[in-house]
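An overview of the molecular structure
Below are the chains, spelled out letter by letter.
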Amino acid sequence: MSENKEPIQLESAPKDVKLIQTCSIWRALEIIGDSPVLLLMESYWLGARRFDEFCQQTKLLKPVVSNRLKRLIDKGCMVKVAYSERPKRYEYKATEKFIDLYPVALAMLHWERQWGQKSGKLEIVLTHKLCGNTTEPFPACESCGTEISPLDVSWETGPGAGEMEAEYSARRRKTSKSSSSTTLLDDSVQIIGDRWGMLIFRSLFSGINQFQGILKATYIATNILSNRLSELCEDGFLITTEVPGDSRRIQYKLTKKGMSIYPIILTLMQWGDKWLPSPDGPPLLLTHNICGDPLKLEMVCSCCKQEVLPTDITYALQIRNSRGKLSQ
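Rules behind the numbers
- Residues numbered from 1 in each chain as written.
- Predicted model: local features only at pLDDT ≥ 70, side-chain atom pairs only at ≥ 80, totals over all residues.
- Heavy atoms only, no water.
- Pairing = 2+ DSSP bridges.
- Helix = DSSP H or I, 4+ residues; strand = E, 2+ residues; numbered from the N terminus.
- Buried < 20%, exposed > 50% of the residue type's maximum accessible area, 1.4 Å probe, protein only.
- Phe/Tyr/Trp six-rings, centres within 6.5 Å; stacked < 30°, edge-to-face > 60°.

1. Observations regarding the pairing of strand β10 (residues 246-254)
Sheet analysis places strand β9 (residues 238-243) next to β10, joined by six bridges and oriented antiparallel. The residue bridging Val243 from the neighbouring strand is Asp246, located in β10. What sits between the antiparallel neighbours β9 and β10 is a turn of two residues, in which Gly245 has the positive phi angle 85°.

2. With respect to the environment of Leu39
Checked against the element boundaries, Leu39 lands in helix α2 (residues 35-45). Accessibility expressed as a relative area gives 14% for Leu39, which makes it buried. Linking Leu39 and Leu60, residues 21 residues apart in sequence, is a C-alpha distance of 8.8 Å.

3. Describing the packing of aromatic side chains
Using the criterion set out here, one finds eight aromatic pairs in the structure. Here the aromatic rings of Trp45 and Phe98 are separated by 5.5 Å at their centres, their planes lie at 35°, and the arrangement is tilted. Note that Trp45 is positioned in helix α2 and Phe98 in helix α5 (residues 96-99), a separation of 53 residues in sequence. Grouping residues by exposure puts Trp45 and Phe98 together as buried. Put simply, the rings of Tyr44, Trp45, Phe98 and Tyr102 touch in pairs and so form one group of aromatic residues.

4. A closer look at unusual backbone geometry
Outside of glycine, negative phi angles account for most residues, and trans bonds account for most peptide bonds. The amide bond that connects Arg86 to the next residue, Pro87, takes the cis arrangement and shows omega of -5°. The backbone phi angle of Lys59 is positive, close to 65°, even though this residue is not glycine. Along the chain, the position of Lys59 falls in the loop between α3 (51-58) and α4 (62-74). With relative accessibility at 56%, the residue Lys59 sits in the exposed group. Positive phi outside glycine occurs at Lys305, with the angle close to 65°. Examined against the element boundaries, Lys305 turns out to sit in the loop between β12 (297-300) and β13 (313-320). We classify Lys305 as partly exposed; its relative accessible area is 45%.

Without other data, these values stay purely geometric and don't point to any function.
Here is the structure:
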């Protein structure tokens, strides 16, 4: 992201209060920054509606599926509807709030196709009904249609900028990467489902790139932050460089792989701005430097360049073989 502004700085807080910058991404991650929730989201787009279907597709334990479906209902993302009276049986239907997460799923798929391809992996072939072509949706500016790069975006604080008390809901430790072919979004689920890692990305895209700055912006425990930064470097998302003028200190920089996370960050922010807004407005205002307009991301068809909506897509599932080719 173009750094035409100084990194957001937080005021000092009393020792017993932990303050972080107000953030729509943070609010969004409180709902979907969890691997089981993301797997349920993926399963819904693949047609799961009933409890047993979610269990079968996600391979999650029944208590986990039950807990996360209840959370999605409580957060207004799903409703439970009876489809049989005798016996009484239910299915889960998405609300508009959940449907608006579709760009997040497409942004994750876009990243997965660049960085998550491997032999034996389940993949999806999308057909855009509006143009009839196989499509690979990509992130574009709504105003000018140009593919979005973080290098072409500038930012400034918005009317909703400020501070809020850091309240962390319980999160399990990031799980080991799976070699299973039961999920399309194998690697991106691990990334987005690790809320700590996503908060680090948020800081880096905001121009905060040194350990103490990231610590203050996120209030992640010191040992967890240190471990996550090491993991992100090992996994090729970050590199370390010396701070100019001070060789004793290091800063973290995003690699090409790390920069490719940006569309996912944007879709999370747009969803959070809409459905979990700050009372005074967006905390962050983005400008697309290519056209000069306020930035709004759309996931568009790679053929006709029209926005891709869930009602306009059909799909087929395939497996990637050891030679990199797809087969039924």
